[in-house]
Amino acid sequence: MDIRYKMYPYPVLAYFLDDYKDKHAFDVKITQVKDGFNTKLVFEATLTNKELLGLVRSGKSLFVYHLECSQTGFRKVIRTDRFSLSYVLSNREVKGSVQICPFIVATEDITSYSSTDFDDDYKGMTFDIEEGCVLAVGQQVNADVSDSIDDLANTPSIFSIVQNTDEAIKEMKVDGNGDKIVIQLPFNDYYSYKSMSQNPKFEPVLNALTIVPALVFVIEEMKRWDSEEMNRREIDCGWFRSIKHVLSKEFNCDVESDLSGMDSMELAQKLIGSPLPSAFAELSGGEGTEGGSVV
Amino acid sequence: MMMPFLKTDDMNTVKSNVSSFADHFAEDDNTWLQKELGRNIFSDSKFPMPQVLLDMSNDVPDKTDPVNVQAVYNAFQFLSDSQASDERLWSALCLGPFWTYVQYRWKVRKNHSKENILQHYFFGFGARRSLTRNAMSRLWWTGRLTYDKTDSDPYHLTRFVTQNARFIVDILERNTANNPEVLRPFIQAVIDAQNRGIPVSSERMRDLEIYLDELGGIYILDCLPEQKIHDRILKKAEELAKKDEKATDTEDINK
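All values reported here derive from a predicted model rather than from experimental measurement. Numbers given to residues run from 1 along each chain, matching the order in which its sequence is written. Ligands are numbered from 1 and chains lettered from A, in the order in which they are written. pLDDT decides what is reported in this predicted model: residues at 70 or higher carry local features, side-chain atom pairs at 80 or more are listed and counted, and totals for whole chains, interfaces and linings draw on all residues regardless. Heavy atoms throughout the structure, all of them, feed into the side-chain values; hydrogens and water do not.

**Considering the overall build of chain A**
Threshold: A run of H or I in DSSP becomes a helix once it reaches four residues, and a run of E becomes a strand once it reaches two; helices and strands are each numbered from the N terminus. For a compact globule the rule gives 2.2 Å times the number of residues to the power 0.38, and the radius of gyration it is set against comes from C-alpha atoms. Buried residues are those whose accessible area, probed at 1.4 Å on protein chains only, stays under 20% of the maximum for their type, while exposed residues exceed 50% and partly exposed ones sit between those limits. What makes two residues a contact is simply this: any of their non-hydrogen atoms within 4.5 Å. Note on areas: Shrake-Rupley, 1.4 Å probe, and residue coverage restricted to the protein chains presented here.
What chain A contains, in helices and strands, is seven helices and 14 strands. Scaling as 2.2 N^0.38, a compact globule of 295 residues should have a C-alpha radius of gyration of about 19 Å, whereas chain A reaches 25 Å, well beyond that. Over its C-alpha atoms, taken along the principal directions, chain A stretches across nearly 80 × 40 × 35 Å. The proportion of buried residues among the 295 residues of chain A is 47%. The long-range fraction of contacts in chain A, counting pairs at least 24 apart against all pairs at least 6 apart in sequence, stands at 62%. On chain A, roughly 15000 Å² of surface is accessible, and the fraction owed to carbon and sulfur atoms is 48%.

Structure representation (structure tokens):
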């Protein structure tokens, strides 16, 4: 489930709606902690709206955390009246990304509901709320439960290097539609790659030849994606989740808002630890060269 | 014998070169894989390979789904959901021990286009949809999503869903199918509608699924009692049937 910015036929307390004067009166801090092979989610709810607090305390509504993992078909709701709660996601049930949507939901039919904090448009009005209907919406969190990649430069497992069996094709191809970025090397070049990859000193050379252009390609693709495409890739593409995480953590770059302003070529090289200096050093016998004319 | 799986690079090698390999998928067996790639691409998983005999006797292959879903889910029930969403596992089973079945069920000898191969031997769509499109994972996941452990006949919902290949797409490929407490009352309501003489075609099933989605826009379905979901769907099926009757009566009058 994705929280969509939608309107309801009655006032709902949500950060994206103006139905209540204090639209931030409901929020849930969700943190994830590794718990062996599993992931523990810790929920800390805050609710300052008087009437909704009353409904939760009386049992007429509950905090509901809607969890969904599209990759494994996992879908579950956690219902609680507690402000603090933890829940362990088993690695047997989920993989990749888990969408977590917090709500306050009516547990029975509620007649004549009203709040002193309604926006002036609803002042003095009352509403009948059915069991199962949403009373408040919190911020969605997408928890990444895949194996973390610490360093894209070392044995990048978001890439899959394969051979092109069509010997007539002499160009490298890149495909970012799956869980990994597939780099398809020409028939004979694949054997050279396999042989050279056994020797760690050739890693920067190989990265400069294959990983850098592949990253430039996918970064340019990412710049063209809208929010919907980004959400889809979040679910379907493990490599996208990894790059997004590294960009956010190491480059302070949000893929949705900041990526378009970044130089793809520069970013691709930095993501892989800028292999060019080491690659040239290796190719030129370890000493490097300076100066000289270019023609 | 251990259950096979494919290493990611090997799987991606076959996938990336499907256009070159397409004609091989019409061959009697998979020995071409070793010849083309110069190595055995199947690795052993930690699980022993269960003995499964799939029904390939019907001239209409999708009629074998009810029996084959039960056979596969029973045999591979030990898999966790996380393991069962791994493309490397299912592509190995499709390319390996169930080579003949995939050809039979999806008429691959006649249609070995790149699209047909990617869809049924691998994960050719997004992560979730691929679970019900890959030839073997489809059988497992249909069983997994419809197996009703609360009933003395746990496959009663499975039999309904597999009576029509479109039902698997229309019912199980929606997010609402991921929660048995939503799926169970939905399917039961449709069964009850049929038992009351209301015909449920693929188009009608889609109408009811769309209605369930609309309900999901009003309620958190997972928080509703199953009976409420059941009653709303049954009522909708009855309303739509009455509409159809009126439309037929009007047509008759106009003739």
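**Remarks on the confidence of the model for chain A**
Here is the rule we go by: pLDDT expresses, on a scale from 0 to 100, how confident the predictor is about each individual residue.
The pLDDT averaged across chain A works out to 89; a share of 93% of its residues lies at or above 70. Below pLDDT 50 for its whole length, residues 148–155 of chain A participates in 14 contacts with residues either more than four positions away or in separate chains.

**A short note on helix α5 (residues 87–95) of chain B**
Judged by how many residues are buried, α5(B) sits mostly within the fold: eight of nine residues are covered. Residues of α5(B) that are buried include every one of E87(B), L89(B), W90(B), S91(B), A92(B), L93(B), C94(B) and L95(B), and no others.

**Quick notes on the interface of chain B and chain A**
Filter applied, for reference: Two parts lose some accessible area (1.4 Å probe) when they are put together, and adding that loss for both gives the buried area. Here, a salt bridge means any Lys or Arg side-chain nitrogen found within 4 Å of an Asp or Glu carboxyl oxygen. Throughout this description, a polar contact denotes any pair of N or O atoms lying within 3.5 Å of each other; where both atoms belong to protein, one of them has to be capable of donating a hydrogen while the other can accept it, and for residues adjacent in sequence the pair is counted only when both atoms sit in side chains.
Contact with chain B, which involves 35 residues of that partner, is made by 37 residues of chain A. Between chain B and chain A, a total of about 3000 Å² is buried, with carbon and sulfur atoms accounting for 45% of that surface. The three residues of chain B that bury the most area against chain A are I220(B), D222(B) and C223(B), which together make up 19% of that side's buried surface. Between the two partners, chain B and chain A, sit two salt bridges. One salt bridge in this structure joins K228(B) and E130(A), with 3.5 Å as the shortest N-O distance. Linking chain B with chain A are 18 residue pairs in polar contact (both at pLDDT 80 or more), by the criterion used here. Sorting the residues of the side of chain B that touches chain A by element identifies α1 (8–16), α2 (18–21), α8 (127–131), α13 (202–218) and α14 (226–254) of chain B as the ones contributing at least two each.

**Remarks on the sheet that holds strand β14 (residues 181–185) of chain A**
Residues and elements named next belong to chain A. Counted only if it meets this: Here, a strand pair is defined by DSSP locating no fewer than two bridges between the strands. Simply put, an axis is a line fit to the C-alpha atoms, just over the touching stretch for a helix, and the angle between two N-to-C directions goes from 0 to 180 degrees.
Reading across the sheet, the three strands line up as β12-β14-β13 and stay open at both edges, with mixed pairing between neighbours. Of all strands in the sheet, those bounded by a partner on one side alone are β12 (159–163) and β13 (173–175). Ignoring which end each strand starts from, the neighbouring axes of this sheet average 20 degrees apart. Summarising the sheet, β12 and β14 pair through five bridges and their orientation is parallel.

**Remarks on a negative patch on the surface**
Here is the rule we go by: Patch membership requires more than 30% relative accessible area and the absence of a salt bridge. Residues of like charge join within 9 Å; the nonpolar side chains Val, Leu, Ile, Met, Phe, Trp and Tyr join within 5 Å. Here Asp and Glu are counted as negative and Lys and Arg as positive; His is not counted, and neither are the chain ends. To locate a charge, take NZ of a lysine, CZ of an arginine, CG of an aspartate or CD of a glutamate.
Where like charges cluster on the molecular surface, the negative patch consists of D23(B), E27(B), D29(B) and E36(B). Note that E36(B) resides in helix α3 (residues 32–37).

**Focus on the environment of D226(A)**
On the secondary structure map, D226(A) appears in the loop between α3 (203–224) and α4 (227–236). Once the C-alpha coordinates of D226(A) and E256(A) are considered, the two residues, 30 residues apart in sequence, prove to be 8.0 Å apart.

**Some thoughts on the packing of aromatic side chains**
Residue and element names in this part refer to chain B. Worth spelling out the cut-off: The aromatic pairing rule takes the rings of Phe, Tyr and Trp, using the six-membered ring of Trp, and pairs them if the centres are within 6.5 Å, calling planes under 30 degrees apart stacked, those over 60 edge-to-face and the rest tilted.
What the rule picks out here adds up to 31 aromatic pairs over all chains. When the centroid spacing of 4.8 Å and the interplanar angle of 70 degrees are considered together, the rings of F25 and Y121 count as edge-to-face. Taken together, the positions of F25 in the loop between α2 and α3 and Y121 in helix α7 (residues 114–121) put the pair 96 residues apart, joining distant regions of the chain. Take F25 and Y121: they sit in the same class, and that class is buried.

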